[in-house]
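Letter by letter, the chains look like this.
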Amino acid sequence: MDITIPTTLWDEDSDAVITSWLVSDGAAVNEGDLIAEIMVEKIQHEIHAPKTGTISISQAVEAVVAKGGTIGSIA
Amino acid sequence: MLPTSEKKKWMYENMLVSRFFEEAMETIYMEGKTPVFNMAEGPIPGEMHLSTGQEPCAVGVCAHLKPSDIVTATHRPHHQAIAKGVNLKMMAAEIFGKKTGLSGGRGGHMHIFDADVNFACSGIIAQGLGPAVGAALSKQMKGDDSVAVAFLGEGAVNQGAFHEALNLAAVWKLPVIFVIEDNSWGISVSKAESTAVKHNAVRAQAYNMPGRFIADNDPIALYDIAGIAIEDARAGKGPTLIEVETYRLAGHFMGDAEGYRPDGEIDRLKSKDPIIRMKNLLIDENVISEDENLQITLKAQKLVDEAIEFARESDYPEPEEALDKVFV
Amino acid sequence: MKGQANKCLSNNHMENERKLTIARSMAEATAQEMRRDDNVFVMGEDIGKLGGVYGNTRGLIEEFGSTRIRDTPISETAFIGAAVGAAQDGMRPIVELMFVDFFGVCFDAIYNLMAKNIYFSGGKFQVPMVLMTSGGGGYSDGGQHSQVLYGTFAHLPGMKVVCPSNAYDAKGLMTTAIRDNNPVVYMYHKSLQGMGWLGTEQGATVHTPEEEYSIPFGEAKIVKEGSDVTIVGVGLGVHNGLKAAKLLEEKGVNAEVVDLRTLVPLDRDTVFNSVKKTGHLIVVDEDYKSFGLTGEIIATIAERDISALKASPQRVAYPDIPIPFSRPMERYALPNPEKIVNAYAKMKEQ
């Protein structure tokens, strides 16, 4: 399952930047765990794991991601 | 003491230069900071505290000042620097960190110093007050009728330095004027949450000096009251405290998401833009025509554009210059 | 155990891994202690609704309310002095000085009251307070908003001083600080916090267990074992040291990096033992060079056993100048990994 930036987190169409990954590539995560922090227009938002499983990170810290963009997946 | 037409024009021109400068700062500051907002990046790095909307506070007071009068300012100094006559090109260059800046890039935006017009800043809240008191002391001892003006925010009034400075100025009857720019917010904390009184002007009573309140960001009213205060100071009658209700149209600092502002506040404040109000006043009073307004506007924009160009084209200092000018 | 290497700093993924930024780990430690002990409360500027300018009180006002999480006016002398009084009366305040550079407006409350009242009362009064404060430059914030001032606070007696380089240590040190009945100055570096609007050193965001734990004061950590040279640092300096170690490795030099973690009490034993092993010492410090941390570490070795040093020790510290605003000048002044590598070369030339 893809980990995507929720489209409802902010109003404008601006991009987000990943400021921190709070798990490593390949780690086991539980649904709801806080896994990353992103920043949009100077405000920090939280990204949570959409399901339980093993995470694969596709976008590194400082990567710029559009609304709805994918930053990783959970198997 | 109401301003003449010439003074009103001067105030309006100055407010325009100030506003255009802040608009340029806002735009240029964001260069290199999108899509990732990292404060360290871009041609203007670090913090940026804009005075957009607070122009009346600077012009209403500085319209009365001579180069020998002293002004101390805060971390939000651009409008006051411009009103005091600080060299605009060198100020811009300083903010860009260039060698041609007021201090060769050592100070930056929060530490604007121009000895030619006796202007200085401190980035530490309320710490500009002591030096203003001292400058006033010096003038008094020399028998010089120059005065000192200390600008501060309403948040600064809760610092010990404010109380000590006012008391000392009053006890020694010094020619210093304290001007509070009340924009209601100390970063995310409102005045109502932090301050024991509704109007800081009343605190003047505690220090046996006049306390005056200017409502609604009105430069003409401020000109009047500041004029009286400055005249009194020059005449040896001692200090005055002035509180101006003003509006910060931008965030506390660039990067401030302003989540603490109530809904609609920013829009409501923008509808009271002091530049537009001043323009309308001058046109209504036939001080300027629409045509003259256009000329004034273009001239102000040109001054700012030239200052920015000077800043952009100037060189950075050599890295080792960091070691110079610690001592004279 | 003293001086043990800790794999947490190397970002290996592990079971049930959860990384935190230092900002989050400070807030987590605070929240856990506040749940344990009703006497713990927090005061400072913008630490309530805003969650702290540096994110270290995020979520607290929502959980604990505004009686225990108090936004203050800009009145450091008053609220830090108040924290001393409240602490002496049995409360356990955590008070924030937004930038360490602001200490000038309230230092009497810190060094003359907070740090001396236990002594003056013969231990009859306790002062269980934490003074947390941000420091550090490198992002053009100018001379009054970029200092670290480790030396100033560590030099004056009566206050413990801690400085985490990563989130794991940050949480454990904060827990210890809150539980300590003595005053603790908790100095966090802005570049390690995890704030998006200010570049963050990624190495600081590490696995941090959810359960409560504390890290004792006075225990430095060997964050990289080595044999040829000892690099001692604190805060961001540790990360500079680790990067320098990587560069030195390419030249066949095996550096040992020591993270002091606590400045007061200072773990002189770990530092001395490391230098005894390697014979070579480089101290990294973002604080002004003269009369500070770098001199203290070198003096520690010299007075114990000068023969431990096989070459003159080197200091990579900030020059004795006000911090300049302009980027090329600031970069010139700051410690960095290359300067540490050059210091090693200089040491070997002698």
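Residues numbered from 1 in each chain as written. Chains lettered and ligands numbered in written order. Predicted model: local features only at pLDDT ≥ 70, side-chain atom pairs only at ≥ 80, totals over all residues. Heavy atoms only, no water.

### Quick word on the sheet that holds strand S7 (residues 211-214) of chain B
Residues and elements named next belong to chain B. With parallel pairing, the six strands of this open sheet are ordered in space as S2-S1-S3-S4-S8-S7. Because the sheet does not close on itself, it has two edges, and the strands there are strand S2 (119-121) and S7. When strand polarity is set aside, the average angle formed by the axes of neighbouring strands in this sheet is 20°. Both strand S1 (residues 70-73) and strand S3 (residues 148-153) contribute to a ladder of three bridges, which runs parallel. Counterpart to Val71 in the pairing with S3 is Val149. Its contacts with the sheet place helix H6 (residues 160-171) against S3, strand S4 (176-182) and strand S8 (240-245), and it is angled at close to 150° to S4. Here helix H8 (residues 219-234) sits on the sheet and contacts S4, S7 and S8; the angle it forms with S8, its principal contact strand, is near 170°. (Pairing = 2+ DSSP bridges. Helix = DSSP H or I, 4+ residues; strand = E, 2+ residues; numbered from the N terminus. Axes fitted to C-alpha atoms, helices over the stretch in contact; angles between N-to-C directions. Contact = heavy atoms within 4.5 Å.)

### With respect to the confidence of the model for chain C
Residue-level pLDDT values for chain C average 95, and 96% of them are 70 or greater. Contacts for the low-pLDDT stretch residues 1-13 of chain C, under 50 throughout, to residues beyond four places or in other chains number 33 contacts. (pLDDT = per-residue confidence, 0-100.)

### What about the packing of helix H1 (residues 5-29) of chain B against helix H11 (residues 290-313) of chain B?
All names here are of chain B. Packing of H1 against H11 brings their axes to within 9 Å, and their N-to-C directions diverge by 45°. Classified by the angle their axes make, H1 and H11 are oblique. Crossing geometry of H1 relative to H11 is assigned as right-handed. Of H11, the residues touching H1 (which contributes Lys9, Tyr12, Glu13, Leu16, Val17, Phe20, Phe21, Ala24, Met25 and Ile28) are Glu292, Asn293, Ile296, Thr297, Ala300, Gln301, Leu303, Val304, Ile308 and Arg312. (Parallel < 35°, antiparallel > 145°, perpendicular 65-115°, else oblique. Left-handed = near helix turned anticlockwise from the far one by under 90°.)

### Quick word on the pairing of strand S5 (residues 130-135) of chain C
All names here are of chain C. For S5, a buried count of six out of six residues is recorded, marking the element as mostly surrounded by other parts of the structure. Neither face of S5 is left uncovered, since the one carrying Val130, Met132 and Ser134 and the one carrying Leu131, Thr133 and Gly135 both have all their residues buried. Bridge analysis of S5 against strand S7 (residues 184-189) gives six bridges, and the strand direction is parallel. Bridge assignment links Gly135 to a residue of S7, and that residue is His189. (Buried < 20%, exposed > 50% of the residue type's maximum accessible area, 1.4 Å probe, protein only.)

### Description of the interface of chain C and chain B
Each partner contributes to the interface: chain C provides 39 residues, whereas chain B provides 45 residues. Along the contact surface separating chain C from chain B lie one salt bridge. Here B:Glu193 and C:Lys49 are joined by a salt bridge, their closest N and O atoms 3.1 Å apart. Across the chain C-chain B interface, the total number found is 16 residue pairs in polar contact (both at pLDDT 80 or more). Residue assignment for the side of chain C that touches chain B shows that the elements contributing at least two residues are strand S4 (92-99) and helix H11 (327-333) of chain C. Counting residues per element, the side of chain C that touches chain B draws most heavily on H11(C), at four residues. Considered class by class, the residues forming the side of chain C that touches chain B number 20 nonpolar, eleven polar and eight charged. (Salt bridge = Lys/Arg side-chain N within 4 Å of Asp/Glu carboxyl O. Polar contact = N/O pair within 3.5 Å; in protein donor to acceptor, adjacent residues only side chain to side chain. Nonpolar A, V, L, I, M, F, W, Y, C, P; charged D, E, K, R; others polar.)

### Notes on the packing of aromatic side chains
Residues and elements named next belong to chain C. Enumeration according to the criterion identifies eleven aromatic pairs over all chains in this entry. A ring pair is formed by Tyr54 and Tyr188, whose centres lie 6.0 Å apart and whose planes are at 70°; its orientation type is edge-to-face. With Tyr54 in the loop between strand S2 (40-44) and helix H2 (60-64) and Tyr188 in strand S7, this residue pair connects regions lying 134 residues apart in the sequence. Of the two residues, Tyr54 and Tyr188, both sit in the buried class. For the pair Tyr168 and Tyr213, a centre-to-centre distance of 4.8 Å together with 20° between the ring planes defines the contact as stacked. You can see Tyr168 sitting in helix H7 (residues 167-179) and its partner Tyr213 sitting in the loop between strand S8 (206-207) and strand S9 (221-224), a full 45 residues away along the chain. (Phe/Tyr/Trp six-rings, centres within 6.5 Å; stacked < 30°, edge-to-face > 60°.)

### Details of the domain arrangement of chain C
One frequent convention defines the size of an interface as the accessible area lost when the parts assemble. Residue and element names in this part refer to chain C. When cut into domains, chain C gives domain 1 (19-207) and domain 2 (221-349). Facing 31 residues of domain 1, the contacting portion of domain 2 comprises 21 residues. Buried area between domain 1 and domain 2, summed over both chains or domains, comes out near 2100 Å², and the portion from carbon and sulfur atoms is 57%. Inspection of the region where domain 1 meets domain 2 yields three salt bridges. A salt bridge links Arg261 to Asp169, with the nearest nitrogen and oxygen atoms 3.0 Å apart. Where the side of domain 1 that touches domain 2 is concerned, the elements lending two or more residues are helix H6 (150-155), strand S6 (160-162) and H7. If one sorts the elements of the side of domain 1 that touches domain 2 by residue count, H6 sits on top with four residues. When the residues that make up the side of domain 1 that touches domain 2 are grouped by side-chain class, the tally is 13 nonpolar, 15 polar and three charged. (Domains from an automatic or database assignment. Buried area = accessible area lost by both parts, 1.4 Å probe.)

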